[in-house]
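# Structure assessment
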Amino acid sequence: MNWLAHLLLSEPTPAFRLGGILPDLVSTSLLADLPPEIQRGIQRHRQIDAYTDSHPIFLRSVRRFQPPFRRFGGILIDVFYDHFLSRDWQSFSDTLLPEFASEFYASFEGLRAEIPPDAYARLQQMQAGDWLCSYVDVAGVAEALKRISSRLRRPFDLVPSISVLEHDYDSLHTDFAAFFPELFTYVTSNSHATGNA
């Protein structure tokens, strides 16, 4: 899943939420020495990714892509699902999305000393562009794909994959609507694995 889903599925503490997205911002080698509460968020992130990447509904969504986008299908569906999560946000949270995003943006400054510099720079960009609220529009999804494209080891333009989102919009939304409640239940029922009673 992408950033918005990871933050929603985190425990509501700044350090845990930060850990929930750091694995997508910096290399694994920079995560090892971070404090325990951030580590718990990192562990939750990895649980979510492992569950998602092997889930039959998620894999069905990935198979909706044809070459050349199929090999990036996991990345693309992560972003497309964040679009649907944004659209359906109030089915999963009592807090309005802009308020949720603002709360997160305000929280990471207090943890600046713990955040690897590269990650801190990305978090500042995220806040400046309000990326967490941008997924609600297809244009915002395209901008996210443009950023991801520039960070791929071998640059590849992912933006044209928006045509798949537009063509299969209802089917992809149906996939998301079936998958995300299952992920939500999985995280809730396995929260002890990240240190809860």
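So, here's what we can say about the structure. (Residues numbered from 1 in each chain as written. Predicted model: local features only at pLDDT ≥ 70, side-chain atom pairs only at ≥ 80, totals over all residues. Heavy atoms only, no water.)

## What to know about the overall build of the protein chain
Put simply, the test is: Counting from the N terminus, the helices are the DSSP runs of H or I reaching at least four residues and the strands are the DSSP runs of E reaching at least two. For this measure, only C-alpha atoms enter the radius of gyration; the expected value for a globule follows 2.2 Å times N^0.38, where N is the number of residues. We call a residue buried when its accessible area falls under 20% of the maximum for its residue type, exposed when it is over 50%, and partly exposed in between, using a 1.4 Å probe and counting protein chains only. Contacts are residue-level and defined by heavy atoms, with any inter-residue pair within 4.5 Å sufficient. Method for areas: the Shrake-Rupley scheme with a 1.4 Å probe, in which residue coverage is limited to the protein chains shown. Only four residue types enter the tally: Lys and Arg on the positive side, Asp and Glu on the negative side, with His and both chain ends excluded. A charge is said to be at NZ when it belongs to Lys, at CZ for Arg, at CG for Asp and at CD for Glu.
In terms of regular secondary structure, the protein chain is built from 11 helices and zero strands. Put simply, the protein chain runs from its N terminus to its C terminus through helices and strands in the order α-α-α-α-α-α-α-α-α-α-α. In terms of C-alpha radius of gyration, the protein chain reaches 16 Å, essentially the compact-globule figure of 16 Å for 197 residues. On the principal axes, the C-alpha backbone points of the protein chain span a range of 45 × 35 × 30 Å. A total of 197 residues make up the protein chain; the buried ones form 52% of that total. Counting contacts in the protein chain only where the partners sit at least 6 residues apart, residues at least 24 apart contribute 67% of the total. Here the protein chain displays about 9,300 Å² of accessible surface, and carbon together with sulfur accounts for 53% of that area. Computed over 17 positive and 24 negative side-chain charges, the separation of the two mean positions in the protein chain equals 7 Å.

## With respect to the pattern of salt bridges
To keep it simple, the criterion reads: We count a salt bridge whenever a side-chain nitrogen from Lys or Arg sits within 4 Å of a carboxyl oxygen from Asp or Glu.
Under the definition given, this model contains nine salt bridges. Ionic pairing is found between Arg40 and Glu37, a salt bridge with its closest N-O pair at 2.8 Å. With Arg40 and Glu37 both in helix α3 (residues 36-53) and three residues apart, the pair spans about one turn of that helix. The salt bridge involving Asp175 is made with Arg60; its shortest N-O contact spans 2.9 Å. Residue Asp175 is located in helix α11 (residues 169-189), and its partner Arg60 is located in helix α4 (residues 56-62); the two are separated by 115 residues in the primary sequence.

## Here we look at the packing of aromatic side chains
Using the following cut-off: Think of it this way: a Phe, Tyr or Trp ring, Trp meaning its six-membered ring, pairs with another when their centres are within 6.5 Å, and the plane angle makes it stacked under 30 degrees, edge-to-face over 60, tilted otherwise.
Under the counting rule described, the total for this entry stands at 21 aromatic pairs. Between Phe65 and Phe80 the ring centres are 5.9 Å apart and the planes differ by 40 degrees, which places this aromatic pair in the tilted class. Of this pair, Phe65 sits in the loop between α4 and α5 (73-87) while Phe80 sits in helix α5, and the two are 15 residues apart along the sequence. Assessed through its relative accessible area of 0%, Phe65 is described here as buried. Here Phe80 falls in the buried class, since its relative accessible area comes to 0%.

## Focus: α5
As a reminder, the rule being used: Here, expected helix span is obtained from the residue count minus one, scaled by 1.5 Å.
End to end, α5 covers 21 Å across 15 residues, agreeing with the expected 21 Å (1.5 Å per residue, within 8%). Here α5 lies mainly inside the structure; 12 of its 15 residues are buried. For α5, the complete set of buried residues consists of Gly73, Leu76, Ile77, Asp78, Val79, Phe80, Tyr81, Asp82, His83, Phe84, Leu85 and Ser86.

## Notes on the packing of helix α2 (residues 14-21) against helix α6 (residues 97-107)
To be explicit about the condition: Interaxial angle, 0 to 180 degrees, is taken between N-to-C directions of lines fitted to C-alpha atoms, where a helix line uses only the stretch in contact. Just so you know how the angles are binned, under 35 degrees is roughly parallel, over 145 roughly antiparallel, 65 to 115 roughly perpendicular, and the rest oblique. Residues are grouped as follows: Ala, Val, Leu, Ile, Met, Phe, Trp, Tyr, Cys and Pro are nonpolar; Asp, Glu, Lys and Arg are charged; every other residue, Gly included, is polar.
Packing of α2 against α6 brings their axes to within 10 Å, and their N-to-C directions diverge by 95 degrees. Here α6 runs roughly perpendicular to α2, going by the angle between their axes. On α6, the residues touching Pro14, Arg17, Leu18 and Ile21 of α2 are Phe100, Glu103, Phe104 and Ser107. Residues of the contact of α2 with α6, tallied by class, amount to five nonpolar, one polar and two charged.

## As for the packing of α5 against helix α9 (residues 138-151)
Each pair of packed helices can be summarised by the angle the axes make with each other and by the distance between the axes. The cut-off we apply is this: It is the rotation of the near helix from the far one that decides the hand of a crossing: anticlockwise by less than a right angle makes it left-handed, clockwise makes it right-handed.
Running from N to C, α5 and α9 cross one another at 150 degrees; their axes reach a closest spacing of 10 Å. Between α5 and α9, the angle is such that the two are roughly antiparallel. Pair α5 / α9 crosses with right-handed handedness. Here α5 contributes Ile75, Leu76, Val79, Phe80 and His83 to the contact with α9, which in turn contributes Val138, Val141, Ala144, Leu145 and Ile148. The residue inventory of the contact of α5 with α9, partitioned by class, reads nine nonpolar, one polar and no charged.

## Some thoughts on the side chain of His6
Considering the arrangement of structural elements, one finds His6 in helix α1 (residues 3-8). Non-local contacts of His6, meaning those with residues more than four positions away in its chain, are made with Met1, Gly20, Ile21, Asp24, His45, Ile48 and Asp49.

## Some words on the layout of surface pockets
Operational definition: For each structure, a 1 Å grid was placed over the protein atoms alone; sets of points admitting a 1.4 Å probe that cannot get out are labelled cavities, open sets with protein on both sides within 12 Å along at least five of seven lines are labelled pockets, and lining residues have an atom within 4 Å of a point. Grid points are joined across faces, edges and corners, and a volume is the space filled by probe spheres set on the points.
Its volume calculated, the largest pocket comes out at about 670 Å³. Taken together, 23 residues form the lining of the largest pocket, with Asn2, Asp24, Ile75, Ile148 and Arg151 sitting closest to its centre. Broken down by secondary-structure element, the contributors of at least two residues to the lining of the largest pocket are α1, α3, α5 and α9. Of the residues contributing to the lining of the largest pocket, the split by class is 11 nonpolar, four polar and eight charged.

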